[in-house]
Amino acid sequence: MRIICEPDYESMSRAAANIISAQIILKPDCVLGLATGGTPLGIYRQLIEWYKKGDLDFSECSAVNLDEYCGLAADDAQSYAYFMRENLFEHINIAPEKTFIPNGMNPDTENECSRYDGIIERLGGVDLQLLGIGHNGHIGFNEPGSSLPGGTNCVTLTKRTIEANRRFFSRVEDVPQKAYTMGLKGIMGAKRILLAASGESKAEILYRTFDGLIETDVPSSMLQLHGDVIVVADEAALSVIRKKAPGLLSRG
Ligand code: PGA
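Residues numbered from 1 in each chain as written. Predicted model: local features only at pLDDT ≥ 70, side-chain atom pairs only at ≥ 80, totals over all residues. Heavy atoms only, no water.

Let us look at the packing of helix H1 (residues 9–26) against helix H2 (residues 41–52). Relative orientation of the contacting elements H1 and H2 amounts to 55 degrees, with a least axis distance of 8 Å. One element, H1, and the other, H2, form an angle in the oblique class. Crossing handedness for the pair H1 and H2: right-handed. Here Tyr9, Glu10, Ser13, Arg14, Ala16, Ala17, Asn18, Ile20 and Ser21 of H1 lie close against H2, whose contacting residues are Leu41, Gly42, Ile43, Arg45, Gln46, Leu47 and Trp50. Partitioning the contact of H1 with H2 into residue classes produces eight nonpolar, five polar and three charged. (Axes fitted to C-alpha atoms, helices over the stretch in contact; angles between N-to-C directions. Helix = DSSP H or I, 4+ residues; strand = E, 2+ residues; numbered from the N terminus. Parallel < 35°, antiparallel > 145°, perpendicular 65-115°, else oblique. Left-handed = near helix turned anticlockwise from the far one by under 90°. Contact = heavy atoms within 4.5 Å. Nonpolar A, V, L, I, M, F, W, Y, C, P; charged D, E, K, R; others polar.)

Another aspect to go through is the site of the ligand. Lining the immediate surroundings of the ligand are Gly37, Gly38, Thr39, Gly132, Ile133, Gly134, His138, Arg167 and Lys202. In this structure, an oxygen atom belonging to the ligand sits 2.5 Å away from a side-chain N or O atom of Thr39. Within the side chain of Arg167, one N or O atom sits 2.7 Å away from an oxygen atom of the ligand. Contact with the protein chains removes 83% of the 280 Å² of surface that the ligand exposes when unbound. Placement of the ligand is best described as lying within the largest pocket. Partitioning the shell around the ligand into residue classes produces one nonpolar, six polar and two charged. (Near = heavy atom within 4 Å. Polar contact = N/O pair within 3.5 Å; in protein donor to acceptor, adjacent residues only side chain to side chain. Areas by Shrake-Rupley, 256 points an atom, 1.4 Å probe, with all protein chains shown as cover. 1 Å grid on protein atoms, 1.4 Å probe; cavity = no way out; pocket = protein on both sides within 12 Å on 5 of 7 lines; lining within 4 Å. Sits in = over half its atoms within 2 Å of the grid points.)

Let us now look at the sheet that holds strand E4 (residues 67–69). Ordered in space as E4-E8-E7, the three strands form an open sheet in which the pairing is antiparallel. Each having just a single partner strand, E4 and strand E7 (153–156) make up the two edges of the open sheet. On average, each strand axis in the sheet is inclined to that of its neighbour by 25 degrees, with strand direction left out of account. Pairing analysis gives three bridges linking E4 to strand E8 (residues 178–181), with the strands arranged antiparallel. The residue of E8 that forms the bridge with Tyr69 is Ala179. (Pairing = 2+ DSSP bridges.)

What follows is the structure in structure tokens.
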């Protein structure tokens with residue numbers, strides 16, 4: 001695991017976008033695992049800018065997203081499918097048929113989970129998985145619990161996650177209670193993982209992720225078991241690691 005420390009959100013975003021862009025340049029037909037939420041917005045803005053300048057070409061890339069809310073259609077403004085089109089896909093030359101996201105409207109959970117796992121398998125797995133991190137250590141929507149599912153699964157979101165995500169909805173009651181999420185097998189199966197984090201509110205969980213016990217109560221702690229994780233974070237997000245486990249910051 002390598003931690004890249006940047007002074008602020010903008011430079012964190014640029015550093016993470018650089019890693020994604022290196023991946024695309026080295027393997028133009030790569031499979032990108034993508035994330036939603038507040039953290040990746042700056043990364044996507046940067047990738048769009050480089051694409052518009054002619055420095056990046058997404059035409060051969062595929063993208064698989066981590067998760068989608070159950071009950072929201074792809075044209076619902078709160079859905080992650082909409083988020084991805086609005087914040088990335090519509091501004092770059094990725095082929096829409098090469099972008100994948102769970103279908104939140106499929107009521108047949110088993111069918112949807114195996115369909116999505118089949119897609120990941122047919123693509124040959126993910127080359128570079130971009131991850132944000134929840135305050136409770138969720139990755140994708142894999143919430144803390146006594147066990148962690150391997151494959152794509154339908155999860156009941158915790159109160160904390162619903163609270164954290166209510167900022168995107170007008171009322172807390174509108175935040176869906178369930179979501180489809182790629183499981184730990186899909187995430188940990190990625191050849192490389194890029195975890196992006198910003199802000200002091202992520203500092204404690206980043207510390208527990210990389211210097212704590214590996215436990216299902218902190219799903220992100222599983223990342224300690226992955227051989228190629230790059231963390232790109234700003235100073236604020238790394239403040240607890242800097243104080244309690246500074247050795248992690250100097251590891252190459
Ligand atoms: P955020 O969400 O980027 O909006 O902080 C991250 C997550 O919950 O995985």
